Amino acid sequence: MATKASRAAARLMISPAVLLLLGWMIVPLSMTVYFSFLRYNLLMPGDNPFVGWENYKWFVTDPSFSAAMVNTLLLVGGVLLITVIGGILFALLLDQPMWGQGVIRIMVIAPFFVMPTVSGLVWKNMFMNPVNGIFGHLAQAIGMQPIDFFSQIPLLSIIGIVSWQWLPFATLILLTALQSLDQEQLEAAEMDGAGWLSRFWFIMLPHLARAITVVILIQTIFLLSIFAEILVTTNGGPGTATTNLTYLIYVSSLLQYDVGMGSAGGVIAIILANIVAIFLMRMIGKNLDA
Amino acid sequence: MGRITLDKVRKSFGAIEVIPPLDLTIEDGEFVVFVGPSGCGKSTLLRLIAGLEDVSGGEIRIDGKDATDVPPAKRGLAMVFQSYALYPHMSVRKNIAFPLRMAGMDKAEQDRRVDDAARVLNLTDYLDRRPGQLSGGQRQRVAIGRAIVREPAAFLFDEPLSNLDAALRVGMRLEISELHERLKTTMIYVTHDQVEAMTMADKIVVLNAGRIEQVGSPLELYRQPRNLFVAGFIGSPKMNLITGPEAEKRGAHTIGIRPEHIKVSDDDTCIWRGTVGVSEHLGSDTFFHIHMPSRDEPLTVRAGGDVDLYHGDHICLTPDEAHMHRFDEKGNRIE
């Protein structure tokens, strides 16, 4: 890509892909924005008049909106916290030389390959069910009252399920980062009198900063749109206890057949996601420059 | 104080013994160089002394105290690594202060020691930079700085100059020698470069396959190599080793003669004759590769910079009998 001619050729070559992707994004986005300004309810056929910001007003003032916002933040924050800390611990563990390393590593990564709906159902029916689930049996075995996860601690249960799914991803990224750490640095620190905790805090953790940033950025994007796990386990309930923004949009457009309202929610979600993205980039993006 | 004694120290990785039992004493204040071809166990030996590897047998004593099972940080040694092993996310100041910080020294004392070290190593202007913003030589000095602030009993250097370019290497070689003159602390230096070994060492330890071939001052090794390995390893270009009738005539299995101890002339009073092959003109010296009918390998001969000989010339060689080294069948020196 050195000469002007080759640069021009490169632009020409990639332009079809860029245009296709742009169209792929622009068309649904503009349709969503357009629908969000219409009164467009599938239960009330007829003309769909332009109503300005009305959909937005109703969506935002709906009491379940603020609940959904809080739930979304708790869900994203909780899962990030668990996966980053857990991922570091798992990475440290898997970095140790041990028998059957290869097999163990593959097994640790396995949850990532399970579909969200499947893992949601497995957790719901085989683990967290108070009558048939393993946790219920365990609680009874030691003479405790089984916990009804999805009615007593619904959001925490969802956070648990999603964390289980994303822990392997964080572990994998952090493990590769840990393995790229120069062993001589650790030895030098050891010679310098740093104990294990100091080596972890002063050498390993700063080295992992970049990988942690990547994990947080990528996971946030996916965690903002968690949907399947909620649909198959709690259906957003009890009440709005596990309704996040994505689920609220689904409720508006597909359960209440209010396309206009759903679109307004979608546009709000896009804006929020972008705010979060800019915020994250600003806050931790400087880690990616170095 | 920094007197280090190795007593029958042994190291094996699994079934492979890389260092058979080995004895060595390093006196306080000595500059000792471990030299040998790659894979001879010299770095392993250094890591054993540092405590980064566990010995498989034997005892390491530092200042008379058994240090065999003492963790690296408690041995009072400082090490400079080949890759420098600087902490990339810390400034130069923090890098140098790291061992002091780990020792829990108070901030003012830390700053004082770091400033002192920086002055000695000409790093004062770079204290706020990150290692990534420094040149190779500067990084090397930071690594040395991190070692000297601890005021260790001995410094361990693991091929510290091999990542530097040739000009810088000569400069750093002098700086490390000067540092040793000033601090008078024991230094153990590992290298595969015999020029570094010859120029810096008080005492050279020549290692081959984990065994010590010879220990001695640079000139001792040069003048009286104990066996063929040392004879071939020390000296540049290498000593010429000659077997066959010429050696038998002198009562040896192999004779060795250094390139600088063979005289080139064109009269007829000489002992050996040959044809000039490749010649390397260095300006001050010229090295000729002389082809002789009795030998497959050419003989290396040093002559002055102004000797005019060209490819294909027939010349006459006179070895200096006083500087001839004789070896028996086993490769050991015959006095």
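What you are looking at is a predicted structure, and each value in this text was computed from that prediction instead of being measured. Think of each chain on its own: its residues are numbered from 1, step by step along the sequence as written. Chain labels run from A onward and ligand labels from 1 onward, assigned in the order the entries are written. Thresholds applied to this predicted model are a pLDDT of at least 70 for local features of residues and 80 or more for the giving and counting of side-chain atom pairs; totals over whole chains, interfaces and linings are not thresholded and use all residues.

Peer 1: Residue-level account of the UniProt feature "domain: ABC transmembrane type-1" (unreviewed entry) in chain A, with values.
Peer 2: Listed under "domain: ABC transmembrane type-1" (unreviewed entry) in the UniProt record, and renumbered for this structure, are residues 69–280 of chain A. Here a strand is any run of E in DSSP of at least two residues, a helix any run of H or I of at least four, and the numbering for each starts at the N terminus. Helix makes up 76% of residues 69–280 of chain A and strand 0%, and the two end C-alpha atoms of the span are 18 Å apart. UniProt positions are given in the numbering used here, feature names are shortened, and annotations may be inferred rather than shown by experiment.

Peer 1: Tell me what's going on with the domain arrangement of chain B, and back it up with residues and numbers.
Peer 2: In this document the domain limits rely on a domain assignment from an automatic tool or a database. Examined at the domain level, chain B breaks down into domain 1 (4–232) and domain 2 (255–324). Centre-to-centre separation of domain 1 of chain B and domain 2 of chain B, based on C-alpha positions: 39 Å.

Peer 1: Could you give an account of the interface of chain B and chain A, naming the residues involved and the relevant values?
Peer 2: Residues are treated as contacting if the C-beta atoms built from their backbones sit within 7 Å of each other. Taken together, the 15 residues of chain B in the interface contact 13 residues of chain A. Elements represented by at least two residues in the side of chain B that touches chain A include exactly β6 (77–80) and α2 (92–102) of chain B. Looking at the side of chain B that touches chain A, the element that brings in the most residues is α2 of chain B, giving three residues. Think of it as three bins: nonpolar holds Ala, Val, Leu, Ile, Met, Phe, Trp, Tyr, Cys and Pro, charged holds Asp, Glu, Lys and Arg, and polar takes everything else, Gly as well. Its residues assigned to classes, the side of chain B that touches chain A comprises 13 nonpolar, two polar and no charged.

Peer 1: Could you give an account of the sheet that holds strand β10 (residues 211–216) of chain B, naming the residues involved and the relevant values?
Peer 2: Residue and element names in this part refer to chain B. Taken in spatial order, the six strands of this open sheet run β6-β7-β8-β3-β9-β10, and their pairing is mixed. The open sheet has two edge strands with one neighbour each: β6 and β10. With direction set aside, neighbouring strand axes in the sheet form an average angle of 20 degrees. The pairing criterion for strands is at least two bridges between them, as found by DSSP. Relative to strand β9 (residues 203–208), strand β3 (residues 31–35) is paired through four bridges, and the arrangement is parallel. In the strand pairing of β9, Val35 is matched with Val206. Strands β6 and β7 (154–158) of the sheet are contacted by helix α4 (residues 136–148), whose axis makes an angle of about 175 degrees with β6. Comment: axis = line fitted to C-alpha atoms, over the contacting stretch for helices; angle = value between 0 and 180 degrees taken between N-to-C directions.

Peer 1: Talk me through the UniProt feature "domain: ABC transporter" (unreviewed entry) in chain B; I want residue IDs and the actual numbers.
Peer 2: The sites that UniProt annotates as "domain: ABC transporter" (unreviewed entry) are residues 4–234 of chain B. Across residues 4–234 of chain B, the secondary structure splits into 36% helix and 26% strand, with the terminal C-alpha atoms separated by 25 Å.

Peer 1: An account of the UniProt feature "transmembrane region" (unreviewed entry) in chain A is needed here, citing residue identities and associated values.
Peer 2: Residues and elements named next belong to chain A. When the UniProt feature table is mapped to this numbering, "transmembrane region" (unreviewed entry) covers residues 12–37, 73–94, 106–123, 153–175, 208–228 and 259–281. Span residues 153–175 is 96% helix and 0% strand, its end C-alpha atoms 32 Å apart. Strand forms 0% of residues 259–281 and helix 100%; the C-alpha atoms that close the span are 32 Å apart.

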